[in-house]
Amino acid sequence: MEILTPEKLAEHFQAKIDADIKIEPNDWMPDNYRKTLIRQISQHAHSEIVGMLPEGNWITRAPSLRRKAVLLAKVQDEAGHGLYLYSATETLGISREETIDDLHEGRVKYSSIFNYPTLTWADMGAVGWLVDGAAIMNQVALCRTSYGPYARAMVKICKEESFHQRQGYEIMTILMNGTELQKAMAQDALNRFWWPALMMFGPSDAESKHTEQSMRWRIKRYTNDELRQSFVDATVPQAELIGLSIPDPKLKWNEERGHYDFGDIDWDEFWQVVGGNGPCNKERIEARVKAKEEGAWVRDAAMAFAEKRKLRQNQ
Amino acid sequence: MSANEWPLWEVFIRSKQGLNHKHVGSLRAPDAEMALQNARDVYTRRSEGISIWVVQSSLISASDPTEADALFEPADTKIYRHPTFYDLPDGIEHM
Ligand SMILES: [Fe+2]
Ligand SMILES: [Fe+2]
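Parameters and conventions
Residue numbers here run from 1 along each chain, matching the order of that chain's written sequence. All chains are assigned letters beginning with A, and all ligands numbers beginning with 1, in the order in which they are written. Residues qualify for local features only when their pLDDT is at least 70, as the model is predicted, and side-chain atom pairs are given and counted only at 80 or more; totals for whole chains, interfaces and linings, by contrast, use all residues. Excluded from the side-chain calculations are hydrogens and water; all other atoms, namely the structure's heavy atoms, are used. Each metal's donors are the N, O and S atoms within 2.8 Å of it, or within 3.2 Å when it is Na, K or Ca, and because water is not part of the set, sites may look incomplete. Under the classification used here, a metal with four donors is tetrahedral if each angle lies between 85 and 135 degrees, square planar if opposite donors are over 155 degrees apart and the others between 65 and 115, a six-donor metal meeting that same test is octahedral, and anything else is irregular. Salt bridge, as used here, is a side-chain nitrogen of Lys or Arg placed within 4 Å of a carboxyl oxygen of Asp or Glu. What counts as a helix is a DSSP run of H or I of at least four residues, what counts as a strand is a run of E of at least two, and both are numbered from the N terminus. When a residue's accessible area, from a 1.4 Å probe over protein chains only, is under 20% of the maximum for its type it is buried; when over 50% it is exposed; and in between it is partly exposed. Any pair of residues with heavy atoms lying within 4.5 Å of one another is described as a contacting pair. Once two parts are brought into contact, the accessible area they lose, counted with a 1.4 Å probe and summed over both, makes up the buried area. Polar contacts here mean pairs of N or O atoms no more than 3.5 Å apart (in protein, one a potential hydrogen donor and the other a potential acceptor; neighbouring residues in sequence count only if both atoms are side-chain atoms). Charged residues are taken to be Asp, Glu, Lys and Arg, nonpolar residues to be Ala, Val, Leu, Ile, Met, Phe, Trp, Tyr, Cys and Pro, and polar residues to be all remaining types, Gly included.

### With respect to the coordination of the iron ion (ligand 1)
Residues and elements named next belong to chain A. Taken together, the protein donors to the iron ion (ligand 1) comprise Glu48 (OE), Glu78 (OE), His81 (ND1) and Glu161 (OE), at separations of 2.0 to 2.2 Å. The coordination sphere of the iron ion (ligand 1) comprises four donor atoms, whose angles at the metal cover 83 to 162°; the geometry is irregular. For the iron ion (ligand 1), all donor residues lie on one chain, and their spacing in sequence is E-x29-E-x2-H-x79-E. Here the iron ion (ligand 1) and the iron ion (ligand 2) are spaced 3.4 Å apart, with glutamate 78 acting as a shared donor.

Shown next, in the form of structure tokens:
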């Protein structure tokens with residue numbers, strides 16, 4: 001068998017990527033490809049799990065049994081998404097434990113959107129509609145990412161996400177058909193979540209240090225700015241239809257481009273929140289650490305029970 | 001992996017009677033019974049299946065991807081294993 005030099009291996013690898021052949025866990029891959037994926041997929045997994053907190057906050061206070069069942073189902077789905085993504089991360093040779101410690105000890109981030117508080121019931125509408133909407137935009141693009149386990153997790157997640165955005169938009173629609181107070185509550189939620197939702201796509205292409213390599217490796221298939229534009233184009237008519245106004249005086253349809261122009265994002269705010277100074281960063285990580293520590297005895301007990309049962313079966 | 005970390009399981013689901021079980025993902029659980037319960041909770045939330053298999057991941061033996069050419073290429077050269085290799089006289093449409 002021919003012995004492949006690292007250069008040859010890298011060349012074969014890029015040729016596979018260029019031919020849209022998926023990379024699978026045991027295939028040779030450049031160290032940086034592996035590292036980039038571990039960072040991106042684990043960050044994505046953490047976002048699913050931390051994302052359960054702002055919505056979990058409203059389960060007991062949902063205004064009807066129907067809403068409660070829907071919200072519960074959605075938050076349960078997010079737990080599953082976290083699982084699929086943690087599993088995909090594990091195929092890259094990093095343990096689940098290590099991945100979770102990285103989050104708890106601040107070495108890895110999660111989506112900055114979950115550092116904003118959910119103050120009113122309308123926020124459940126805004127989160128489902130805008131936050132899941134933005135996530136779907138990103139995730140649909142990732143269904144064609146080059147790493148097999150990540151792409152498969154995305155396909156599964158996208159199927160499950162489809163109701164998340166609808167249930168949020170439905171909440172907004174019903175509020176917008178309600179009293180003046182309800183309408184004001186919906187508009188206020190949109191006002192608070194619009195800009196953070198646009199920030200979910202990450203820094204602008206000019207600022208994004210990972211984009212170029214990730215595009216070459218086809219980890220990413222579209223840039224941050226391309227996805228952000230698609231999201232704005234898709235969302236503005238949805239807001240207009242139910243009488244909500246987008247909190248951006250510069251928002252305007254550009255006939256020539258065939259896209260909406262929109263105002264400047266406050267990147268200082270974005271970097272502040274990413275850097276740990278958002279309204280809820282501390283609270284979110286504390287909740288995760290608490291869940292891990294206070295759940296430890298349950299995991300240990302389940303393991304002890306399994307061992308005892310195995311012993312008994314072997315007797 | 002720390003001592004008390006639950007082992008990894010691969011999950012296979014039969015979507016309906018008459019079809020094979022198909023790999024759908026993995027999860028961690030202390031034993032097979034709990035792995036089945038967890039698989040039911042996460043992988044069959046929308047009528048995806050009627051039967052589940054779980055196999056501890058460490059028990060799976062896999063072929064080496066670097067040997068894929070040597071293992072699978074010979075099959076490509078044996079085109080006579082396919083029906084399209086054979087000429088049929090005119091007048092025979094289905095065989
Ligand atoms: Fe999700
Ligand atoms: Fe979702």
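Next comes the rest of the write-up.
### Concerning the pattern of salt bridges
Residues and elements named next belong to chain A. On inspection of all chains with the given rule, the structure shows 33 salt bridges over all chains. Two residues, arginine 152 and glutamate 24, come together in a salt bridge whose shortest N-O distance is 2.9 Å. Placement of arginine 152 in helix H7 (residues 148–176) and of glutamate 24 in the loop between helix H1 (6–18) and helix H2 (31–50) is noted, with a sequence separation of 128 residues between them. Classification of arginine 152 by relative accessible area gives partly exposed; the value is 47%. For glutamate 24, a relative accessible area of 26% translates into the label partly exposed. What you see here is one network of salt bridges that share partners, running through Glu55, Lys74, Glu78 and Asp132.

### Quick word on unusual backbone geometry
In most cases, non-glycine residues show a negative phi, while peptide bonds are predominantly trans. In this structure, aspartate 20 of chain A takes a positive phi of about 60° despite not being glycine. As for its position among the elements, aspartate 20 of chain A is in the loop between H1 and H2. Residue classification places aspartate 20 of chain A among the partly exposed residues on the basis of a relative accessible area of 42%. Of note in the backbone geometry, serine 47 of chain B takes a positive phi value of approximately 55° without being a glycine.

### Here's the deal with the interface of chain A and chain B
Chain A puts 24 residues into the contact, and the matching count from chain B is 21 residues. Across the chain A/chain B interface, buried area totals approximately 1,900 Å², and carbon plus sulfur atoms make up 50% of it. For the interface between chain A and chain B, the tally reads six salt bridges. Across the salt bridge formed by glutamate 33 of chain B and arginine 309 of chain A, the nearest N and O atoms sit 2.8 Å from each other. Remark: the boundary between chain A and chain B carries 10 residue pairs in polar contact (both at pLDDT 80 or more). Only helix H4 (65–90), helix H5 (96–104), H7 and helix H12 (281–314) of chain A provide two or more residues apiece to the side of chain A that touches chain B. Of the residues forming the side of chain A that touches chain B, the biggest block, eight residues, is contributed by H4 of chain A. Among the residues making up the side of chain A that touches chain B, the classes are represented as nine nonpolar, five polar and 10 charged.

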